[in-house]
Amino acid sequence: MGYFGKVLSGFGSLLTGMRITFSQFAKTFFGRKNVTLQYPKEQPKLAPAFRSAIKLIRFEETGTHDCVACKACERICPSYCIKLSGGKVEGIKKKRVAEFEMDFSLCSLCGLCIDACPTDTLEYSKVYEEAGYNRDWRVDLVAEFREYEAEFVEKQRVIEEKAATAKKAKAEAAKKAKEAKKAKEAEKAKEAEAEAADTAEKPDTAEKPPALEAKPAKADAPAKAEVPTAEVPTAEAPKS
Amino acid sequence: MPETLSQLLDDSVLAMPIAAGLIMGALTINVLMLVWAERKVSAWIQRRMGPTEVGPFGLLQTLADMLKLISKQLITPSNVDKPLFHLAPLLAFAPVIAAVALMPFSKSLILVQNDFGLLFVFAFGGIAVIAIFMAGWGSNNKYALLGAIRSVAQSISYEIPLILSALSVVLVVNAMGFTLASGGSIVVANGLDLSHIVMAQDQHGLWFVLVQPIAAIIYFISALAETNRAPFDIPEAESELVAGFHTEYSGMRFSMFFFAEYTNMLIVSMLAVVLFFGGWDGPVLPGPLWFFLKSYMVIFVMMWVRWTFPRLRFDQLMTFCWKVMIPLSILNLLATAFVVAVL
Amino acid sequence: MTNAVPPEATPGGGDGEVYSLNMGPQHPSMHGVLRLLLDLKGEEVVKAKPVVGYSHRAHEKMAENRNTLQFLPNTSRIDYLSGMIYNLGYCQAIEKILGIEVSERAVYIRVIANELNRISSHLLWFGTFLLDLGGITPFLYSFDDREEILDILDQVTGSRLTYCYGRFGGVTMDVDEDFLARTTAFLARIRERLGMYDDLVAKNVILRERCINVGVISTEMAKSYGVTGPSLRASGVVYDVRRAEPYGGYEKFDFDVPVLHEGDTMARFHIRISEIEESCKIIEQAIKGIPEGAILPKKMPKRFKIPEGEYYFAVESARGHFGMYIVGDGTDVPAKLKLRTPSFSNLSAMPEALAGTMLADTIAIVGSIDVVMPEIDR
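Everything quoted here is computed from the prediction, not taken from an experiment. (Residues numbered from 1 in each chain as written. Chains lettered and ligands numbered in written order. Predicted model: local features only at pLDDT ≥ 70, side-chain atom pairs only at ≥ 80, totals over all residues. Heavy atoms only, no water.)

Draft legend 1. Representation of the overall build of chain B. Across its full length, chain B holds 13 helices and 2 strands. Out of the 343 residues in chain B, the part that is buried amounts to 55%. Contacts in chain B between residues far apart in sequence, at least 24 positions, make up 73% of those at least 6 positions apart. Taken as a whole, chain B presents about 13900 Å² of accessible surface, with 74% of it coming from carbon and sulfur. (Helix = DSSP H or I, 4+ residues; strand = E, 2+ residues; numbered from the N terminus. Buried < 20%, exposed > 50% of the residue type's maximum accessible area, 1.4 Å probe, protein only. Contact = heavy atoms within 4.5 Å. Areas by Shrake-Rupley, 256 points an atom, 1.4 Å probe, with all protein chains shown as cover.)

Printed below as a string of structure tokens:
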């Protein structure tokens, strides 16, 4: 390819480029199609996984959240943006959260708190417009539940009373029927009842061999269970 | 009945202020429109919308921008060469206005009739280089200086093919010996007179782009380089030199460079229309309208080119000029001279 | 602030022909906050010295102060352009140390997410590289394509850039049919667009002039500086962690490792474009073969204790070999987490590659190795 050949092929490539940009120009200009989302006028469709500040879920059965102030989220939060307090409430066995404050300006939306929540009462809110005029982004998560709280406590008291009587009756029946084994089962039921109330850490099961059964482990340290699910803590014998 | 506007204005003391005011007003509107057009064209090429909010179709967006620039503080950095720094924007601004005055918008609408209009336009174009160099030197900024050095080398180099390609047209006009009916008398066409170039095309119904296609392409490419437009926007290559020679300028001073740049675009495209596309020649519509329509079409192509290509490197730009453009334009000129002599 | 300027940055001395230019950290084309101290002779670069550290956020130190799980959100912020690869890579490292099984479905989802992220990273590079060379339109076209990836990933991860999608043992959210359909549609779209980019950019005479034989990194040079990723493969070395030490299920997929031998900017350009095509191939296979199943193991420990010992795990990020060197002391807080990031090594080859080039080439070359500054500073 000589001098003129080079010049010509160079011009050719330039013309190809201009053809492409013109075709795009024509698509926008004549086809009236562009890719811009005119944001304040059009709102983007939020994805199902959209993440904004966390909030407490309002369950339909109870009409309120199910936070038991176990502080699992507060402990796992890498940004230390969750502060909550609460605990025993007069009249019911179930523990309740009193204050739940979250500083959204620190949050990195990693979702570890949601994973950590033993009662699954946390979820992302779907607030798209997160901008504000000051840096104070502390969110009071329990604010919307406060007025229902007394009502809920009353309901819960009734439920718990019923459950207690039922359990008593059941326990008596069981006692009548069988001896020690049955008694143990009743214990377990009781435990399941008080499930959500447990706050302390789960026992370090790492050292325990995988074959070890959960029941004894639980029975050993029920008060320590961070997440008092009835599940067997996996014995993850670490590979070294 | 005065034949040209310039003759009308000659009679009045106010001639100069009125002419200057007219040109200034028209050019300001033109620049506002061009910036808007640039933004719209780039947006459409990039599948965007461009300005839409201020005014219908965002037409007033640049007006708002201009108001913002006017109201901004004029920052003078502490170690600049003050006289050069202050004078440069004015010097960039003035010659472009003068050059527009020479343009033949139609047979009778010529602000300044001059027998050597073409020479004057190029001469005024040359002053802009000095302004850019003053800005770059006076800013006391390495990026600005680099931009200024690049700009001078580039402008001086590309003026050669620019003028050579225009010269081919002049040669055609002169040697063909067109006779023109001007003002009741028959005159022999003068190739350096812009209106004569147009009239020569007008009368024969033959645009010089057909007679001189290579000269037209060379002219267009050189014009891109002259006006520092992409892909030759090396003096202000924002990814290398931040903003080139106007790095240190702000507010109205910056906008004067901006104004000069866009008016320069208008001038080179008007000159392209005069030299190659038959000036005001066109059916139905009045002459000046045709003239502007054609000019804006040329500007559209300039924008289209800008939003398509990446930027050349400085040495490649020079190589391209000296190894491709200048030989080609000299060859073209020689061929034209040969053909003209034989005929 | 006068002390902030090292002595090299101040002019004076020398023969008067060489002057220094301080490019960055605030400069339109210094990706992030890279600062280049250039000694120039006219437009020619005599010496180039990259200065790093302007966006240091102490990620490695943070890792020593929080447990393994809490470090998750940090990972995607090390290299924000391939955040997914880093995030999932960290999960894979911990999983390997602790021997956590990942379900087959999660493996496939991770591969799809990784490769989508790789494409988006390469597309962003493509755009910004062209922007450095002055071509603004290809930048917006590539961002348009990238936007589609971000939307697709947003659908399952809830984030657009700094994903926290991985969890030890799986991922946070399952993908649905819609996600897979959109991904398939995107693959068709990007393949069509790659043809357009080829015509608009790769064949363009200006770009070729700017890139061919510019910033050549020879094979020896690349090896001695520890250059990895597309920049290494453009210098003629077949090394891709996905192929060399397969991890996260990559051994199941059929893909090529593109290699070119020129080592110049154009080669790096072509390698990245071919990698987009290869990633498309991998995603296609993954979509075809994705099994049903759970995305997280049912039973997971609450604390992920790293047993005493030293561990190294590497993944192929969009920029190269990203390695995590983890020292465990039996607790769930690593005693040390060293991150080996590709951009740092790639940038270290720059002084040699830049010497003797033009100022405009400097931008092109630094752009072509695709540095991400937060990754260098960590």
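Draft legend 2. Local environment of unusual backbone geometry. Positive phi, close to 50 degrees, is recorded for D120(A), a residue that is not glycine. One can find D120(A) in the loop between helix 3 (112-116) and strand 4 (122-124). Positive phi is not limited to glycine here, since N213(C) has a value of about 60 degrees. The residue N213(C) is located in the loop between helix 7 (205-211) and helix 8 (219-225) in this model.

Draft legend 3. Representation of the interface of chain C and chain A within the structure. Each partner contributes residues to the interface: chain C has 40 residues there, and chain A has 38 residues. Taken together, the two surfaces of chain C and chain A that pack against each other cover about 3100 Å², and 57% of this comes from carbon and sulfur. Counting the surface chain C buries against chain A, the share from its top three residues, Q70(C), K299(C) and K302(C), is 17%. Across the salt bridge formed by R167(C) and D115(A), the nearest N and O atoms sit 2.4 Å from each other. Connecting chain C to chain A are 11 residue pairs in polar contact (both at pLDDT 80 or more). Looking at the side of chain C that touches chain A, the elements with two or more residues in it are helix 2 (72-78), helix 5 (136-157), helix 6 (177-202) and helix 7 of chain C. Ranked by residues supplied to the side of chain C that touches chain A, first place goes to helix 5 of chain C with 7 residues. (Buried area = accessible area lost by both parts, 1.4 Å probe. Salt bridge = Lys/Arg side-chain N within 4 Å of Asp/Glu carboxyl O. Polar contact = N/O pair within 3.5 Å; in protein donor to acceptor, adjacent residues only side chain to side chain.)

Draft legend 4. Structural context of the side chain of S125(A). All names here are of chain A. As for its position among the elements, S125 is in the loop between strand 4 and strand 5 (138-140). For S125, a relative accessible area of 10% translates into the label buried. Side-chain polar atoms of S125 contact the backbone oxygen of A53, separated by 2.5 Å. Ignoring sequence-local partners within four residues, the contact set of S125 consists of F50, R51, S52, A53 and K55.

Draft legend 5. Quick look at the pattern of salt bridges. Across all of its chains, the model carries 44 salt bridges over all chains by this definition. Residues R58(A) and E144(A) are paired through a salt bridge, measuring 3.4 Å at the closest nitrogen-oxygen approach. Placement of the pair is R58(A) in the loop between strand 1 (54-56) and helix 2 (72-76) and E144(A) in the loop between strand 5 and helix 4 (146-177), with a sequence separation of 86 residues. With relative accessibility at 35%, the residue R58(A) sits in the partly exposed group. The class of E144(A) is partly exposed, set by a relative accessible area of 39%. With its nearest N and O atoms 3.7 Å apart, the salt bridge here joins D198(C) to K203(C).

Draft legend 6. Broad picture of the nonpolar core. By size, the foremost hydrophobic cluster in this structure holds 196 residues, and its most contacted members are I54(A), I82(A), F100(A), L122(A), L118(B) and F269(C). For this core, the element with the most residues is helix 11 (residues 251-276) of chain B, which contributes 14 residues. Discounting residues that sit within four places of it in the chain, I82(A) has contacts with I54(A), C73(A), E74(A), C77(A), F100(A), E101(A), M102(A) and C113(A). Grouped together as the second largest cluster of nonpolar side chains are 33 residues, L241(B), M23(C), I369(C) and M373(C) included. (Core = buried A, V, L, I, M, F, W, Y, C linked by side-chain atoms within 4.5 Å.)

Draft legend 7. Seen up close, the interface of chain B and chain C. Across the boundary between the two partners, chain B contributes 24 residues, which contact 35 residues of chain C. When chain B packs against chain C, the two sides together hide about 2500 Å² of surface, and 60% of this comes from carbon and sulfur. When residues of chain B are sorted by the area they lose upon contact with chain C, K142(B), P310(B) and R313(B) head the list and together hold 24% of the total. Remark: the boundary between chain B and chain C carries 2 salt bridges. For E43(C), the salt bridge goes to R150(B), with nearest N and O atoms at 2.4 Å. Taken together, chain B and chain C are joined by 10 residue pairs in polar contact (both at pLDDT 80 or more).

Draft legend 8. Representation of the packing of helix 1 (residues 3-29) of chain A against helix 12 (residues 287-306) of chain B in the model. Helix 12 of chain B packs onto helix 1 of chain A with a crossing angle of 105 degrees between their chain directions and a minimal axis gap of 10 Å. In terms of their interaxial angle, helix 1 of chain A and helix 12 of chain B are classed as roughly perpendicular. Contacts between helix 1 of chain A and helix 12 of chain B involve M18(A), T21(A), F22(A) and F25(A) from the former and F300(B), V301(B), W304(B) and V305(B) from the latter. (Axes fitted to C-alpha atoms, helices over the stretch in contact; angles between N-to-C directions. Parallel < 35°, antiparallel > 145°, perpendicular 65-115°, else oblique.)

Draft legend 9. The arrangement of the sheet that holds strand 7 (residues 320-328) of chain C in detail. All names here are of chain C. Here 3 strands make up an open sheet; going across it, the order is 6-7-8 and the pairing antiparallel. Sheet topology places strand 6 (309-317) and strand 8 (336-340) at the edges, where each strand pairs with a single neighbour. Strand-to-strand twist across the sheet, computed as the mean angle between neighbouring axes with direction ignored, equals 15 degrees. Bridging between strand 6 and strand 7 involves 9 bridges; their strand directions are antiparallel. Residue pairing across strands places V315 opposite F322, the latter belonging to strand 7. (Pairing = 2+ DSSP bridges.)

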